[in-house]
Amino acid sequence: MKAAPIPENDKERLESLRKMNLLSTAREGDLDRVTRTAQKFFQIEIALISLIDEERQWFKSRCGLDVAQTGRDISFCGHAIMGADVFIVENALDDERFFDNPLVTGGPEIRFYAGQPLSNTEGHHIGTLCIISPKRRSLSESDAQALRDFARMVEIVLENRHLNEMQLSLLSALENAQRDAMLDTLTGIWNRDAFHNFFERQKEQALREGSSFGLALVDLDDFKKLNDQFGTEVGDLVIKETASILVDNSRSADFVVRMGSELFALIFHDVDELTLPYMGEKYLTAFRRRGEIQTESGPCRFTASIGMVFVNPAIDVGDLEKVVLDQAEEALFEAKKAGKACSRIKDFQEEVLKALALS
């Protein structure tokens, strides 16, 4: 095996990559759309946006692959970033650089690889958009051009990617290892440990700006029955697709979190009371459109119920996070009681006033 080479300007390249605040962050809808579309266009098993860090390649977006990273030394993408054009391996078993590579001899048993380097605004190759198959393949010039075009779409998304003040402060305060611990391994979105950090930062920013924010709990309906009928592997696919639905329909400033099992949370940055109901309906519409997984025993349909709270953090209630989560759970219960696959909203201020009147 020939280890991936190191560019002469790797120190500067790495610094440029790290300034982008991409490494060890949750999935983003605009990037997932590119890999998902590329996977379908090329009719291929795996499509990835791979970022080459100091000792690893880390996948910012992945379709068809469960692992989030591999070692840089064994990466195909580490080879690809050494050039400017598409890097193609038609059959890794016939290539002296890769025939004994662990990614070839073991999972995902790479045979075909094609990767187009991704350049950032400073001109550094930060990673690749790549397509991978366990079967030998070739890439025509027209398909190579399509891969270049898809890669350019990724670069445009990254050039226009905007992180708000809260996101920047969060990412700047955490090392990659800390961020990794806050990512859900099954779905690639933030986990419950991250929620507490996000909520506190959202509260502080809203207080500084005199703004408000929203919170939603999203729970899959009858998930235990679904698992019993179709099995846990299908259940995992439903969890993954639910995460994709939420990410694809969220704004870049919002946070999508898997709280555990089939329960998710959304933190909506800077929303008002009129906007919140429309956001809930947007997610419900997406579930109606995409809430189906094809299985060997037939289609598996799934729905979700949503409990939402409009939050004014200027109202002193002590433990704001607990109060808001309790209200969101009540709203979620009301949605379930109303027949599921719907949303209900609690007015934070109104509920606080009720509680004060009863105390």
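Residue numbers here run from 1 along each chain, matching the order of that chain's written sequence. Per-residue local features are limited, in this predicted model, to residues with pLDDT of at least 70; the limit for side-chain atom pairs, both in listing and counting, is 80 or more; totals at the level of whole chains, interfaces and linings are taken over all residues. The basis for the side-chain values is all heavy atoms of the structure; hydrogens and waters are excluded.

Peer 1: An account of the packing of helix α9 (residues 223–230) against helix α10 (residues 232–248) is needed here, citing residue identities and associated values.
Peer 2: Angular values range over 0 to 180 degrees, each being the angle between N-to-C directions of two axes fitted as lines to C-alpha atoms, with helices fitted over their stretch in contact. Runs of E in the DSSP output that reach at least two residues are strands. Runs of H or I that reach at least four are helices, and both are numbered from the N terminus. It is the contact of α9 with α10, at a shortest axis distance of 7 Å, that shows an interaxial angle of 135 degrees. On the basis of the axis angle, α9 is oblique to α10. Listed contacts from α10 to Phe223, Leu226, Asn227 and Phe230 of α9 are Thr232, Val234, Gly235, Val238 and Ile239. Residues are grouped as follows: Ala, Val, Leu, Ile, Met, Phe, Trp, Tyr, Cys and Pro are nonpolar; Asp, Glu, Lys and Arg are charged; all remaining types, including Gly, are polar. Residue classes in the contact of α9 with α10 are distributed as six nonpolar, three polar and no charged. Just so you know how the angles are binned, under 35 degrees is roughly parallel, over 145 roughly antiparallel, 65 to 115 roughly perpendicular, and the rest oblique. Contact between two residues is taken to exist if any of their heavy atoms lie within 4.5 Å; hydrogens are not considered.

Peer 1: I'd like a rundown of the packing of aromatic side chains, residues and numbers included.
Peer 2: Pairs were defined over the aromatic rings of Phe, Tyr and Trp, the Trp ring being its six-membered one, requiring ring centres within 6.5 Å. Orientation was assigned from the angle between planes: stacked under 30 degrees, edge-to-face over 60, tilted for the rest. Going through the model one piece at a time under the given rule, you end up with 13 aromatic pairs. Aromatic side chains tryptophan 190 and phenylalanine 198 sit 5.1 Å apart centroid to centroid with 80 degrees between the ring planes, which places their arrangement in the edge-to-face category. For the pair tryptophan 190 and phenylalanine 198, a shared accessibility class is recorded, and that class is buried. Cluster of aromatic residues (ring-pair linked, three or more members): Phe76, Phe87, Phe98 and Tyr113. When the NZ atom of lysine or the CZ atom of arginine is within 6 Å of a ring's centre and also within 35 degrees of its normal, the charge is said to sit over that ring. Geometry around phenylalanine 112 places arginine 137 over its ring, the cationic atom sitting 5.6 Å from the centre. Whether a residue is buried, partly exposed or exposed follows from its accessible area with a 1.4 Å probe, protein chains only, as a fraction of its type maximum: under 20%, in between, or over 50%, in that order.

Peer 1: Lay out the state of the cysteines with the relevant residues and their values.
Peer 2: In protein structure, a disulfide is the covalent linkage between the sulfur atoms of two cysteines. Cysteine sulfur atoms that come within 2.5 Å of each other are treated as a disulfide pair. In the structure shown here, the tally under the stated rule is zero disulfides. Take cysteine 77: it sits in no disulfide, and the sulfur closest to it among the cysteines is that of cysteine 130, at 3.8 Å. Note on cysteine 77: relative accessible area 2%, which makes it buried. This cysteine, cysteine 300, is not joined by any disulfide, and cysteine 63 carries the nearest cysteine sulfur, 20 Å off.

Peer 1: Explain the pairing of strand β10 (residues 263–268) to me, using residue names and the numbers behind them.
Peer 2: Within β10, five of the six residues are buried, which leaves the element mostly enclosed by the surrounding structure. Following DSSP output, two strands are said to pair if at least two bridges run between them. Strand direction decides the pairing type here: strand β8 (residues 213–220) and β10, joined by six bridges, are antiparallel. Its bridge partner lying in β10, glycine 214 is registered against phenylalanine 268. Sheet topology places strand β9 (residues 255–260) next to β10; five bridges connect them, and they run antiparallel. Across the sheet, glycine 260 pairs through a bridge with leucine 263, a residue of β10. Counting the residues that bridge the hairpin from β9 to β10 gives two residues, and of these serine 261 lies at a positive phi of roughly 45 degrees.

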